[in-house]
Structures are given as structure tokens and as C-alpha cells.
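For reference, the chains in residue letters:
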Amino acid sequence: MMYLARYLLILFLFLISRNLNAQINSSAPSLLNQKSVQLNVGTQGIGAEFAYGILPELSLRGGFNFIPFKANDVFKVSGFNSTSNLSADFYNVHELADYVPIKKATWFRLVGGFGYFFKAKGDLRIIPSDDYKYGDLVLTDDQIGYVDLNVNWKGIAPYLGVAFAHTFPQNRFNVNFDLGTYYLSKPKADITGTGLLEGNSSQTPQFQSNIKDYRSLPIVQVNFSYKL
């Protein structure tokens, strides 16, 4: 896994240096009335966008992204043998504006806008893996129960970031990059327990307090663009 991460990082740096070097040494035309479509992949999953130039230095793009994620046994409770199931689902539509602040550096853009996350949640289920004995009685899994932790960030989220390489390809294709963050809505959280673990539900207020400041969704994204 570590070698794969290093390989992807090296590939990312190679692509951005090659792409920027080619574009720094060339002058870009006005953005006005230019159009492109692009596919993207990054920390907000995969998606697609349509971009249109409305001014010589300003373009708009609208699109969508989604990232469904599932994993098992990624969370452990100290001193408590258990298994865990984690799932995260983030689906958004967004509208962004790209502004070129320096005419001699048209490969650099400031980006702002917003996204609407019609699904933005994380769910974690913790299930005890040891038998529980009460006297001579061995309790079943259903009697022991499980604990669910749920967090939901659904709603409108402002976005602010920067982008590198031209929005619109100078020929037909190019690769460009986004770095930024969404500021998500205040999360709603709850804990639900079943069986013997039902009492954990009372910890919901503390859980809510602990995660109230977890509102940033960092974006690192590679865009593959085609000029229309």
C-alpha cells in the first residue's frame, strides 16, 4: 500500500510539472465563450463537469461527484474485542467559478463556489466479537447487540481553492488540477445501541460535541479535460 501511494504521488508530481511547464511557455487565449467537458478523480471521488467562459478571465463550471466507500475492521476499541463496519457516502452537485488573477500566469486560477451535498454521511457499526456469560447463561449475538455511530453533513457547502493548468485545452485535451476545501454544514450525530449495549445511546450529546468542528472536506483532484 505504501509503495502504491508513493507511485501515485510521483505520477501526480510528474503530470503537474510536465503540464505546467508546457503551459507556462505558451500564452492562453481569452476564456470568453470557450467550452469544455472534463472527467475528474480525487478525494471527493469521481465525477464530471462542464465549463464555459463568460469573461476573458472568468469561467464557470458545474458538475457532480460521488464517493461510496466501505471497509471492515478499520476501527478498534481499546480493551474490547470487536469487529467494525465502516461506510461513507458523499454525493454532490456543484457550481464553481475560475478566475485568472495574473494575465502572464494564465495557468494559475482562484476558484470559489458552492456544492450541495444531497448525501454526506458516515456510519460505523461496532459489534462485540467475544461471548458474554451471565452466570451459566451464554448470551447470543442479538442479546449482546451492537453500537451504531452515525454522522450526517447533508446540505450546502461553500468551496474555496486554487487550480493549476489552463481550464480549457489549447488543443483538444489537457490535464489540470484542483486544490481546495469544502466547508460542510454542521454535522448531526447520534449513537444507537441495541441489546446490552443500548445504554450507549445516552452518549449522543457528547459524541455530537466531539465532532462539531469536523466540517472541512479537503479536495485534491486531477481533471482530464476535452475542449468542445
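A brief report on the enclosed structure follows. No experiment lies behind these values; they were computed from the predicted model shown.

Cut-offs used in this document
- Residues numbered from 1 in each chain as written.
- Predicted model: local features only at pLDDT ≥ 70, side-chain atom pairs only at ≥ 80, totals over all residues.
- Heavy atoms only, no water.
- Pairing = 2+ DSSP bridges.
- Helix = DSSP H or I, 4+ residues; strand = E, 2+ residues; numbered from the N terminus.
- Core = buried A, V, L, I, M, F, W, Y, C linked by side-chain atoms within 4.5 Å.
- Buried < 20%, exposed > 50% of the residue type's maximum accessible area, 1.4 Å probe, protein only.
- Contact = heavy atoms within 4.5 Å.
- Patch = residues over 30% accessible without salt bridge, like charges linked within 9 Å, V, L, I, M, F, W, Y side chains within 5 Å.
- Areas by Shrake-Rupley, 256 points an atom, 1.4 Å probe, with all protein chains shown as cover.
- Salt bridge = Lys/Arg side-chain N within 4 Å of Asp/Glu carboxyl O.
- Lys, Arg positive; Asp, Glu negative; His and termini not counted.
- Charge placed at Lys NZ, Arg CZ, Asp CG, Glu CD.
- Arc of directions from axis to C-beta.

By the bridge criterion, eight bridges tie strand S1 (residues 35–42) to strand S2 (residues 45–55) in an arrangement that is antiparallel. Pairing of Val41 across the sheet is with Ile46, part of S2. Hairpin connection of S1 to S2: two residues between the antiparallel strands. When S2 meets strand S3 (residues 58–72), the two strands line up antiparallel, connected through nine bridges. Pairing of Gly47 across the sheet is with Asn65, part of S3.

Okay, the pairing of strand S4 (residues 82–99) next. Across 15 bridges, S3 lies against S4 in antiparallel orientation. Within S4, the residue paired with Lys70 across the bridge is Ser87. One ladder, built from 18 bridges, connects S4 with strand S5 (residues 108–128); its direction is antiparallel. Counterpart to Ser87 in the pairing with S5 is Asp123.

Now for the nonpolar core. Phe90, Phe117, Leu149, Tyr182, Leu184, Phe207 and Leu217 are the most contacted members of the largest nonpolar core, which totals 24 residues. Per-element accounting of this core gives the leading share, five residues, to S5. Apart from residues no more than four positions distant in its own chain, Leu217 is found in contact with Phe90, Phe117, Gly180, Thr181, Tyr182 and Leu184.

A surface patch of like charges, here negative, comprises Asp130, Asp131, Asp141 and Asp142. Counting through the fold element by element, Asp130 comes out in the loop between S5 and strand S6 (132–134). Judged by its relative accessible area of 40%, Asp130 falls in the partly exposed class.

Buried within helix H3 (residues 204–211) are the following residues: Thr204, Phe207 and Ile211. Seen from one end, H3 has its buried residues packed into an arc of 60 degrees, which puts them on one side. Elements in contact with the buried residues of H3: strand S8 (147–152) and strand S11 (188–193).

All right, on to the environment of Lys188 then. Looking at the secondary structure, you find Lys188 in strand S11. Lys188 sits 21 residues away from Ser209 along the chain, and the two C-alpha atoms are 9.9 Å apart. Excluding residues that lie within four positions of it along the chain, Lys188 makes contacts with Asn150, Val151, Asn152 and Gln208.

Everything listed here is a matter of coordinates, which is why it stays silent on function.
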